[in-house]
Amino acid sequence: MPPKFFWETKKLDELTAREWERLCDGCALCCLQKERDSKTGKIRYLPLACRLLNLKTCRCKNYTNRHQVVPNCANLTPVTLRRYRNWLPSSCAYRLLFEGKSLPSWHPLISGRKTSTRQAGMSAHHRA
Ligand code: SF4
Ligand code: SF4
């Protein structure tokens with residue numbers, strides 16, 4: 001039997017800070033503006049990104065101080081995940097694990113490549 005990954009052996013609230021950060025697939029979809037359809041309740045991602053998002057790399061330009069610079073940047077933790085998860089894309093690693101699902105094959109922790117999220121067409125690249 002292949003060895004289990006850390007996210008398969010621990011609960012989300014048991015992860016170290018580093019393990020928690022490593023789970024992010026870097027899609028940056030959570031950094032796009034969103035709106036909820038008043039009839040269907042579905043979340044739509046708009047082609048407008050947070051001003052701190054580098055659209056080429058899909059990285060935050062000031063990740064360390066992001067909550068000071070952008071007060072409405074969601075502080076995603078095992079506790080807040082329950083509240084935010086419906087605003088996250090269904091492909092988000094935190095949402096998938098919260099819902100008891102597996103990470104997709106294109107997730108960088110599975111593929112071993114940092115660029116695999118973008119190559120799979122799952123990132124905000126070219127969407128804003
Ligand atoms: S949607 Fe989830 S996986 Fe994608 S960048 Fe945001 S927190 Fe990371
Ligand atoms: S501050 Fe950074 S992490 Fe937060 S939404 Fe903006 S780009 Fe994304």
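Higher on the page you've got the structure.
Quantities reported herein were computed from a predicted structural model and do not represent experimental measurements. (Residues numbered from 1 in each chain as written. Chains lettered and ligands numbered in written order. Predicted model: local features only at pLDDT ≥ 70, side-chain atom pairs only at ≥ 80, totals over all residues. Heavy atoms only, no water.)

### Here's the deal with the overall build of the protein chain
Across its full length, the protein chain carries seven helices and four strands. When its helices and strands are written in sequence order, the protein chain yields α-α-β-β-β-β-α-α-α-α-α. Taken along the three principal axes of its C-alpha coordinates, the protein chain extends 45 × 30 × 30 Å. Within the protein chain, buried positions represent 33% of all 128 residues. Looking at the protein chain alone, contacts between residues at least 24 apart form 45% of all its contacts between residues at least 6 apart. Of the roughly 8,700 Å² of accessible surface on the protein chain, 51% is carried by carbon and sulfur atoms. (Helix = DSSP H or I, 4+ residues; strand = E, 2+ residues; numbered from the N terminus. Buried < 20%, exposed > 50% of the residue type's maximum accessible area, 1.4 Å probe, protein only. Contact = heavy atoms within 4.5 Å. Areas by Shrake-Rupley, 256 points an atom, 1.4 Å probe, with all protein chains shown as cover.)

### Remarks on the side chain of Thr80
Note that Thr80 resides in the loop between α3 (66-69) and α4 (81-84). Within polar-contact distance, the side chain of Thr80 engages the backbone nitrogen of Thr77 at 2.8 Å. (Polar contact = N/O pair within 3.5 Å; in protein donor to acceptor, adjacent residues only side chain to side chain.)

### Quick look at the site of ligand 1
In the vicinity of ligand 1, the contacting residues are Cys24, Asp25, Cys27, Ala28, Cys30, Leu76, Pro89, Cys92, Ala93 and Tyr94. Of all the cavities here, the one that holds ligand 1 is the largest pocket. Classifying every residue of the shell around ligand 1 by side-chain character gives nine nonpolar, no polar and one charged. (Near = heavy atom within 4 Å. 1 Å grid on protein atoms, 1.4 Å probe; cavity = no way out; pocket = protein on both sides within 12 Å on 5 of 7 lines; lining within 4 Å. Sits in = over half its atoms within 2 Å of the grid points. Nonpolar A, V, L, I, M, F, W, Y, C, P; charged D, E, K, R; others polar.)

### Remarks on the site of ligand 2
Every residue near ligand 2 is listed here: Cys31, Cys50, Leu52, Leu53, Cys60, Arg66, Val70 and Cys73. A majority-of-atoms criterion places ligand 2 in the largest pocket. When grouped by side-chain class, the residues that make up the shell around ligand 2 number seven nonpolar, no polar and one charged.

### Things to note about the layout of surface pockets
Its boundaries defined by the atoms lining it, the largest pocket holds a volume of some 1,400 Å³. Around the largest pocket, the lining comprises 40 residues; the ones closest to its centre are Cys24, Cys30, Cys31, Tyr63 and Cys73. Within the residue set of the lining of the largest pocket, elements represented by two or more residues are α2 (17-23), β1 (32-36), β4 (59-60), α5 (93-98) and α6 (108-111). Considered class by class, the residues forming the lining of the largest pocket number 26 nonpolar, six polar and eight charged. (Points joined across faces, edges and corners; volume = space filled by probe spheres on them.)

### Here's the deal with unusual backbone geometry
Most peptide bonds take the trans form, and the phi angle of most residues other than glycine is negative. The phi dihedral of Ala28 is positive, around 65°, even though this residue is not glycine. By secondary structure assignment, the location of Ala28 is in the loop between α2 and β1. Unlike most non-glycine residues, His126 shows phi in positive territory, near 65°. On the basis of relative accessible area, His126 is assigned to the exposed category, the value being 72%.

### Observations regarding the environment of Cys31
Secondary-structure assignment places Cys31 in the loop between α2 and β1. As for Cys31 and Tyr63, which are separated by 32 residues in sequence, their C-alpha atoms are 12 Å apart. In this structure Cys31 touches Leu48, Ala49, Cys50 and Leu53, once residues within four positions along its chain are discounted.

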